[in-house]
Amino acid sequence: MKYINFEDASDAVSDEIYMKEALKEAQKALDQDEVPIGAVIVCNGKIIGRGHNLTERLNDVTAHAEMQAFTAAANYIGGKYLQDCTLYVTIEPCVMCAGAAYWTQITRIVFGANDRKRGFSIHGNDLLHPKTTVISGVLENECAALVTSFFRNKRNK
Ligand SMILES: [Zn+2]
């Protein structure tokens, strides 16, 4: 796995465009009082899967944004592998979602803010497929702010 900084990424402009779409998904989660994390999967410039966190509504701890998006994308293309696709997700994937990403063989993962408690990278970089490139820090502040304010509001209730 290659781990490169946002500044080094040649696709910086389009990465921001698609991250804004992932942020729209995160907002949908927020509107349903779910932890506001959103994801989209892009293939050849087209969004082929979207998802947002639905763990409360579905009573399902596996209903993370990325899992919803993987399923939607696989349904769209009629196959389980997401080669030549990019996952955009507002927060660093957890171990479960990194594991699912491995099985999809996805080409790129672009995430916004790090998750220093549950992020996969805490456990090392071997969770992802060797062909997967990771880019972090795209619209990091916007992505982090949604989650931070969500939990601040929860504590104040
Ligand atoms: Zn996850």
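Just so you know, these numbers come straight off a predicted model, no measurement behind them.

On to the pairing of strand β5 (residues 108-113), then. Extensive coverage of β5 is indicated by the burial of six of its six residues. Both strand β4 (residues 85-91) and β5 contribute to a ladder of five bridges, which runs parallel. Bridge pairing in β5 links L87 to I109. Here β5 runs beside strand β6 (residues 133-136); their pairing, made up of four bridges, is parallel. By the bridge assignment, R108 is partnered in β6 with T133.

It is worth spelling out the packing of helix α2 (residues 65-77) against helix α3 (residues 95-104) at this point. The interhelical angle for the contact between α2 and α3, taken along N-to-C directions, is 20°, at an axis separation of 9 Å. It follows from the interaxial angle that α2 and α3 lie roughly parallel. Judged by the sense of rotation from one axis to the other, the crossing of α2 with α3 is left-handed. On the side of α2, the interface is formed by E66, M67 and F70, while α3 contributes M96, C97, A100, A101 and T104. When its residues are assigned to classes, the contact of α2 with α3 shows six nonpolar, one polar and one charged.

Despite not being glycine, N44 shows a phi value in the positive range, around 50°. With respect to the helices and strands, the residue N44 is situated in the loop between β2 (38-43) and β3 (46-52). Judged by relative accessible area, which is 74%, N44 ranks as exposed. Despite not being glycine, D84 shows a phi value in the positive range, around 65°.

To continue, consider the environment of D126. In this structure, D126 sits in the loop between β5 and β6. Exposure remark for D126: the relative accessible area of 76% places this residue in the exposed category. When the C-alpha positions of D126 and P36 are compared, they lie 27 Å apart, and in sequence the two are 90 residues distant.

According to UniProt, the positions carrying the feature "binding site: Zn(2+)" (unreviewed entry) are H64, C94 and C97. On the basis of their most widely separated C-alpha atoms, the annotated residues across 34 residues gather in one place, lying no more than 9.1 Å apart. Along the chain, the position of C94 falls in the loop between β4 and α3. With a relative accessible area of 14%, C94 lands in the buried category. Setting aside anything within four residues of it in sequence, one finds C94 in contact with H64, E66, R118 and F120. If you trace the backbone, C97 turns up in helix α3. On the basis of relative accessibility, which here comes to 1%, the residue C97 falls in the buried class. Those residues in contact with C97 that lie beyond four places of it in its chain are H64, E66, M67 and F70.

Rules of the game
- Residues numbered from 1 in each chain as written.
- Predicted model: local features only at pLDDT ≥ 70, side-chain atom pairs only at ≥ 80, totals over all residues.
- Heavy atoms only, no water.
- Buried < 20%, exposed > 50% of the residue type's maximum accessible area, 1.4 Å probe, protein only.
- Helix = DSSP H or I, 4+ residues; strand = E, 2+ residues; numbered from the N terminus.
- Pairing = 2+ DSSP bridges.
- Axes fitted to C-alpha atoms, helices over the stretch in contact; angles between N-to-C directions.
- Parallel < 35°, antiparallel > 145°, perpendicular 65-115°, else oblique.
- Left-handed = near helix turned anticlockwise from the far one by under 90°.
- Contact = heavy atoms within 4.5 Å.
- Nonpolar A, V, L, I, M, F, W, Y, C, P; charged D, E, K, R; others polar.
- UniProt positions renumbered as here; feature names shortened; annotations may be inferred.

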